[in-house]
Amino acid sequence: MDFTNLLITALRSLSKNKARSILTSIGIIIGVSSVIVMIGIGRSAQITVEERVGTYGKNAMEIASFHTLLTEADAENIKKKFPQVQYASIIITKSNVQVNYKDRSTISGMYGVENDYFKMKLWPLTSGRYFTDIEMSTHEKVVVIGATVMRDVFIYEEPVGNIVIINNVPFKVIGVLSELGESFGGKDFDNVVVIPYGAAQRKIIGNNKIDRIYVSVYSDKQMDETVEQIKEYLNRAHMITSDSNEFRITTSKQKLEMAEYISKTLSMLLAGIASISLFVGGVGIMNIMLVSVSERTREIGIRMAIGAKRRDILSQFLIESVTLSGLGGIVGIILGLVIYYLITYIVDWPYIFSVTSILVSFLFACAVGIFFGYYPAKKAADLKPIEALRYE
Amino acid sequence: MNIPIINIENLQKIYKISQEVSVHALKGVTLKVKRGEFVAIMGASGSGKSTFMNILGFLDTPTSGKYILDGIDGTSLNDNQKAEIRNRKIGFVFQGFNLLSRTPAIENVEMPLFYRGGFTHEEMKNRARKLLAMVGLSGREMHHPNELSGGEQQRVAIARALINDPAILLADEPTGNLDTKNTYEIMNVFTTLNKEYNITIIMVTHEPDVAAYADRKVVFKDGMIIDDSPIRKLKKSRK
């Protein structure tokens, strides 16, 4: 019996039991669509994370301390003493400040920084300018606003030159930042107001504490070495001997690795769920095929009597189960792509169409059909013609 | 033409039920059937006629003895070869019709060609259509078995049995599930096939008036043939 005839036979048998065939495929449909969604989200997330961490700054590190206060001198000395340091900026943050302009207001994140901060993050302006040295040293109340803040409170007005009220303190807008987008966790990078750190300490926070210092080096190769050197320097400068972990330095590479680790873990978790549902789907197919074989014992006997060889019966049942899983796979792929598209649309991630993942999940679905269909098919093929014919 | 299409010598079949108990179903059966003969096989249940038919139909293998069908030695074949012979040399007609349910008549009829292979879809359909016409079922091609009467179903089964031009037609109580009218119809089909198309028919029955359509009567008892005689043709008296 040639393959076309086998395929026709199998399709005819399946179409006799349409409802059952569809229900049997559901397990595979769910399994395959979750594989597609999982692979897609994993890739989108990774790309998003890489893009975002890229904007956080190349070869950058973040210095923070536990008890000891970081000082302006620390930041200055790091810049002076280490020739490999390209940029360094004090960072003072406050997560929720109220920004008012006319009758409109919004809640944003506040960053008190130095000009190096923008250079480090490669964060260009769409209009206006950064801070001047005089504005920095006199703690001038000037602000560079993020794209979201501009949209929220200025709408169509030109922000530069206007005064916004940040936590009841008037600041003059001198620049507008270009758009960075959202973080992996949905945080809006553009919902920020950036002011000179001195102004942040004095006008908004009300103390001289320095939260963190951002440092970037020229070359990737200098990172590890510089981390150690800065740690050593800070310990010496603050006369700390016992606890070498007083200053914590996180590099952008570490952040990237952490983000990758998170997205990989997420992918593996999803892969686990997906493979469980594919396995359950496969067991479903095996179950139905076993029922089908015993229901159709007589049919198998008839087929054998009119000349079906063992191989023909085996192939027929295998093709039936592979057709079930393969069709389930196709439907699952379509469903998965739709769900994946909707998710990327909702969270505004890049949609990555991968032919490889489609092919892999289709072949995997077929493999499930072969694996779980083999035993029932063998059972059918091993029937003795007389006994099968006599079966009631 | 003188070479018998079926040549059976001293055929034995022993079913081993356990170490000690075995059933001697056939105790040395010898039978020759010529091409174009219509043989009725009779006997009480347990007489060995079913075992004999299974061996004739290559569904079962004899324990010992010789079986040659159309020049092929049937005693030393593997399962695949037996399947091929069932497909090419034997047409089966069963008591219970044994059609595939929910499958149109034409698909039932063409099925042996599927297993034979090498035919286009069109060739298979044409051949099946021709045979359905031969058994008087033109226009019923797309009917499913449950839409056909018992007699019509059996005619579909006959068309299926004949589609590969078999050497012999094996009919196992073909009228056992039919009423008088349908029995008469089916027996007429058999007679026509035998007389006009020269098809060799071996038919098991225990109804003497059905056996009367055959040319020769072979009676089994206790695993042996106890009577093998020609049937005198009384003219078809029944209408």
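Residues numbered from 1 in each chain as written. Chains lettered and ligands numbered in written order. Predicted model: local features only at pLDDT ≥ 70, side-chain atom pairs only at ≥ 80, totals over all residues. Heavy atoms only, no water.

1. Re the sheet that holds strand E1 (residues 6-16) of chain B
All names here are of chain B.
Then, number 1: Ordered by their spatial adjacency, four strands build an open sheet running E2-E1-E4-E5, and the pairing between neighbours is antiparallel. For this open sheet the edge positions go to strand E2 (22-33) and strand E5 (72-73), each flanked by a neighbour on one side alone.
Then, number 2: The strands touched by helix H1 (residues 49-56) within the sheet are E1, E2 and strand E4 (64-69), with E1 carrying the most contacts at an inclination of about 120 degrees. (Pairing = 2+ DSSP bridges. Helix = DSSP H or I, 4+ residues; strand = E, 2+ residues; numbered from the N terminus. Contact = heavy atoms within 4.5 Å. Axes fitted to C-alpha atoms, helices over the stretch in contact; angles between N-to-C directions.)

2. Some remarks on the environment of Asn207(A)
All names here are of chain A.
Then, number 1: If you trace the backbone, Asn207 turns up in the loop between helix H7 (197-205) and strand E9 (212-217).
Then, number 2: Classification of Asn207 by relative accessible area gives partly exposed; the value is 33%.
Then, number 3: A distance of 3.0 Å separates a polar atom in the side chain of Asn207 from the backbone nitrogen of Lys209. (Buried < 20%, exposed > 50% of the residue type's maximum accessible area, 1.4 Å probe, protein only. Polar contact = N/O pair within 3.5 Å; in protein donor to acceptor, adjacent residues only side chain to side chain.)

3. Structural notes on the packing of aromatic side chains
Then, number 1: Tallied over the full model, the rule gives 16 aromatic pairs over all chains.
Then, number 2: Ring geometry for Tyr117(A) against Tyr214(A): centres 6.1 Å apart, planes inclined by 35 degrees, an arrangement best described as tilted. Within this pair, whereas Tyr117(A) is found in helix H4 (residues 116-120), its partner Tyr214(A) is found in strand E9, the two being separated by 97 residues in sequence. In this structure, Tyr117(A) and Tyr214(A) share a single accessibility class: buried.
Then, number 3: Ring centres of Phe52(B) and Phe220(B) lie 5.0 Å apart, and the angle between their planes is 45 degrees; this geometry places the pair in the tilted category. In this pair, Phe52(B) is assigned in helix H1 and Phe220(B) in strand E9 (residues 216-221), connecting sequence segments 168 residues apart.
Then, number 4: Phe52(B) gets classed as buried once you look at its relative accessible area, which sits at 0%.
Then, number 5: Three or more aromatic residues joined by ring pairs form one cluster here, namely Tyr111(A), Tyr117(A), Phe118(A), Tyr130(A), Phe131(A) and Tyr214(A). (Phe/Tyr/Trp six-rings, centres within 6.5 Å; stacked < 30°, edge-to-face > 60°.)

4. With respect to the pattern of salt bridges
Then, number 1: The tally for this structure, following the rule as stated, stands at 31 salt bridges over all chains.
Then, number 2: For Arg129(A), the salt bridge is made with Glu135(A), and the minimal N-O distance between the two is 2.7 Å.
Then, number 3: Judged by its relative accessible area of 33%, Arg129(A) is partly exposed.
Then, number 4: Three or more residues joined by partner-sharing salt bridges are found here, namely Arg12(A), Glu107(B), Glu110(B) and Lys125(B). (Salt bridge = Lys/Arg side-chain N within 4 Å of Asp/Glu carboxyl O.)

5. As for the confidence of the model for chain B
Residues and elements named next belong to chain B.
Then, number 1: Predicted confidence across chain B gives a mean pLDDT of 90, with 96% of residues reaching 70 or more.
Then, number 2: Across chain B, strand E8 (residues 200-204) holds the top mean pLDDT of 95, while E5 sits lowest at 90.
Then, number 3: Complex prediction metrics read pTM 0.71 and ipTM 0.91. (pLDDT = per-residue confidence, 0-100.)

6. Some thoughts on the side chain of Lys125(B)
Then, number 1: Mapped onto the elements, Lys125(B) comes out in helix H4 (residues 121-134).
Then, number 2: Among residues more than four places away in sequence, those in contact with Lys125(B) are Arg12(A), Ile106(B), Glu107(B) and Glu110(B).

7. A few points about the domain arrangement of chain A
Then, number 1: The domain architecture assigned to chain A consists of domain 1 (3-52 + 258-390) and domain 2 (67-245).
Then, number 2: Here domain 1 of chain A and domain 2 of chain A have C-alpha centroids that lie 54 Å from each other. (Domains from an automatic or database assignment.)

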